Amino acid sequence: MILIKYIGKLIKKFLIFILIVFIIINITSYISSYVELVKNIPKKYQEARFDLNNAYFVSIYYEQIPMALHLVDYNSKILTPIRTLKRYFYKKGLENLPHNSIENAVWYYLINLYPISIELKKKNTDRLSKVLSKTFTQNIIEESYENIKFFTKDDLEKEIKNKKLPESLITIFLAFYSVVIEDDFYLLQSENIQKTIRNDKKIEKLTEVYLTKLAFFNKKIFKDDLEKHYKSSKPYINALDIKATSIILENILLKHGSIPETKEYQLIYKKHLELLNEREIYKKTKNYNLIKVIENEIQKEEINYPNLKQLIINNTNKLEIKILN
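The rules behind the values
- Residues numbered from 1 in each chain as written.
- Predicted model: local features only at pLDDT ≥ 70, side-chain atom pairs only at ≥ 80, totals over all residues.
- Heavy atoms only, no water.
- Helix = DSSP H or I, 4+ residues; strand = E, 2+ residues; numbered from the N terminus.
- Buried < 20%, exposed > 50% of the residue type's maximum accessible area, 1.4 Å probe, protein only.
- Contact = heavy atoms within 4.5 Å.
- Salt bridge = Lys/Arg side-chain N within 4 Å of Asp/Glu carboxyl O.
- 1 Å grid on protein atoms, 1.4 Å probe; cavity = no way out; pocket = protein on both sides within 12 Å on 5 of 7 lines; lining within 4 Å.
- Points joined across faces, edges and corners; volume = space filled by probe spheres on them.
- Nonpolar A, V, L, I, M, F, W, Y, C, P; charged D, E, K, R; others polar.
- Core = buried A, V, L, I, M, F, W, Y, C linked by side-chain atoms within 4.5 Å.
- Phe/Tyr/Trp six-rings, centres within 6.5 Å; stacked < 30°, edge-to-face > 60°.
- Lys NZ or Arg CZ within 6 Å of the ring centre and 35° of its normal.
- Bend = angle between axes of the 7 residues up to and from the residue.

A. Just the overall build of the protein, in detail. Secondary structure assignment for the protein yields 14 helices and zero strands. For the protein, the α and β elements follow one another from N to C terminus as α-α-α-α-α-α-α-α-α-α-α-α-α-α. Looking at the 325 residues of the protein, the share that counts as buried comes to 44%. A separation threshold of at least 6 residues defines the contact pool for the protein, and within that pool the share at least 24 residues apart is 73%.

Shown next as structure tokens:
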């Protein structure tokens with residue numbers, strides 16, 4: 001009996017110790033985050049950052065970490081009160097942000113989209129529709145389109161110059177870009193492909209997104225960052241770009257029978273050919289998983305984009321004849 005009481009006291013002391021350590025870690029992390037993301041930035045953003053940092057903190061420690069440790073799933077009702085508190089701070093923070101600030105996209109990604117990405121990794125999938133309801137998936141897709149618009153700002157580099165951002169803008173852009181390609185065009189893997197490719201309104205939106213991606217990645221500050229830190233991601237980015245350009249060009253060919261002599265469509269076609277050449281280089285690596293994925297994508301492209309494939313074959317033949325002559 002005495003031993004049981006003794007063990008009980010030890011367990012109680014251990015749990016108190018764990019609680020104290022947890023509180024200390026939370027306080028230390030919050031202070032560090034506050035100093036980095038709130039205190040040392042331009043004053044006009046501090047009020048918004050205070051609430052957004054609170055939302056981010058709540059998400060990391062009470063939503064994202066439990067999900068990453070497989071303690072809860074994204075759709076668990078246990079997370080409802082956590083998300084209620086998170087959304088309160090998030091909404092309050094957005095009210096104090098300039099409506100056209102890139103930070104709208106940054107905090108949306110960190111607080112709303114990143115927790116979903118944890119669930120995608122757990123389920124070993126790239127598609128939101130595999131873990132979310134159809135309605136929720138569509139909402140995320142539409143919000144991703146809206147957030148991509150923030151990356152079109154002419155003064156983007158100037159805005160972020162004196163501000164510490166909690167995440168790379170390249171990472172954030174690629175997250176939205178992936179949602180658009182992998183989820184809004186997931187029907188391209190089924191028999192509905194021709195119907196989807198003929199949806200001019202949807203293709204126009206995709207064209208805007210792809211041209212935004214080109215302009216954003218060509219900014220020197222981000223171009224250097226891409227070369228330094230995203231080399232391992234380039235085959236994945238290449239695959240997304242090939243999907244985007246293939247869809248756009250197939251739609252154009254179905255409507256016009258050829259690529260119009262406009263600057264934007266000629267640019268997209270040129271980039272598509274460059275992407276295919278780049279992919280051929282990836283095929284020569286010893287990464288057999290990557291080679292298998294590429295071969296699978298090539299098979300799909302032959303079925304899904306027959307007009308584009310024929311155009312490339314015809315142009316290749318013309319080039320070969322020209323060289324022989």
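Structure's up, so let's keep going.
B. Molecular detail of the environment of Leu 206. You can see Leu 206 is positioned in helix H9 (residues 200–218). Here Leu 206 is in contact with Val 180, Ile 181, Phe 185, Ala 244, Ile 247 and Ile 248, once residues within four sequence places are set aside.

C. Structural view of the pattern of salt bridges. Taken as a whole and assessed by the stated rule, the structure comprises 16 salt bridges. Its salt-bridge partner being Arg 83, residue Glu 63 comes within 2.6 Å of it at the nearest N-O pair. Of this pair, Glu 63 sits in helix H2 (residues 43–68) while Arg 83 sits in helix H3 (residues 80–95), and the two are 20 residues apart along the sequence. You can call Glu 63 buried: its relative accessible area is 0%. In this structure, Glu 301 and Arg 279 form a salt bridge, with 2.7 Å as the shortest nitrogen-oxygen distance. Of the two residues, Glu 301 sits in helix H13 (residues 288–304) while Arg 279 sits in helix H12 (residues 263–283), which places them 22 residues apart along the sequence. The class for Glu 301 is buried, based on a relative accessible area of 15%. The network of salt bridges with shared partners includes Asp 73, Glu 119, Lys 122 and Lys 123.

D. Representation of the layout of surface pockets. As a volume, the largest pocket reaches approximately 760 Å³. Listed by contribution, the elements that provide at least two residues to the lining of the largest pocket are helix H4 (103–122), helix H7 (169–184), helix H11 (234–256) and H13. It is H7 that provides the largest number of residues to the lining of the largest pocket, a total of seven residues. Taken together, the residues of the lining of the largest pocket sort by class into 10 nonpolar, eight polar and eight charged.

E. View of the environment of Glu 157. Within the secondary structure, Glu 157 is located in helix H6 (residues 156–160). Taking relative accessible area as the criterion, Glu 157 reaches 34% and is therefore assigned partly exposed. Not counting chain neighbours up to four residues away, the residues in contact with Glu 157 comprise Lys 219, Ile 221 and Phe 222.

F. Up close: the nonpolar core. Formed by 80 residues in total, the largest nonpolar core has its most connected members in Trp 107, Leu 113, Phe 151, Leu 169, Phe 176, Tyr 177 and Phe 216. Excluding anything up to four places from it in sequence, Leu 113 contacts Tyr 108, Ile 140, Ala 175, Phe 176 and Val 179.

G. Representation of the packing of aromatic side chains in the model. For the structure shown, the criterion picks out 12 aromatic pairs. Ring centres 5.3 Å apart and planes at 25° place the aromatic pair Phe 173 and Phe 216 in the stacked group. Residue Phe 173 is located in helix H7, and its partner Phe 216 is located in helix H9; the two are separated by 43 residues in the primary sequence. Across from the ring centre of Tyr 74, 4.1 Å away, lies the NZ or CZ of Arg 83, which sits over that ring. Here the guanidinium or amino end of Lys 205 rests over the ring plane of Tyr 145, the centre of that ring lying 4.1 Å away.

H. Geometry of the side chain of Asn 238. Looking at the element boundaries, Asn 238 is found in helix H11. Those residues in contact with Asn 238 that lie beyond four places of it in its chain are Leu 275, Glu 278, Arg 279 and Tyr 282.

I. Expanded view of H2. A maximum bend of about 40° is found in H2 at Ile 60. Two residues or fewer past H2, His 70 is found with a positive phi of approximately 65°.

J. View of the environment of Ile 141. The topology assignment puts Ile 141 in helix H5 (residues 134–148). By relative accessible area, Ile 141 is classed as buried at 1%. As a C-alpha pair, Ile 141 and Asp 184 span 43 residues in sequence and 6.5 Å in three-dimensional space. Excluding residues within four positions of it along the chain, Ile 141 makes contact with Val 179, Asp 183 and Asp 184.

K. The arrangement of unusual backbone geometry in detail. With phi around 65°, His 70 is a residue other than glycine that occupies positive phi space. You can call His 70 exposed: its relative accessible area is 59%. Backbone geometry places Asn 124, a non-glycine residue, at a positive phi of 55°. Relative to the helices and strands, Asn 124 is located in the loop between H4 and H5. Look at Asn 124 and you get exposed, because its relative accessible area is 71%.

This is a description of form; function is not addressed.
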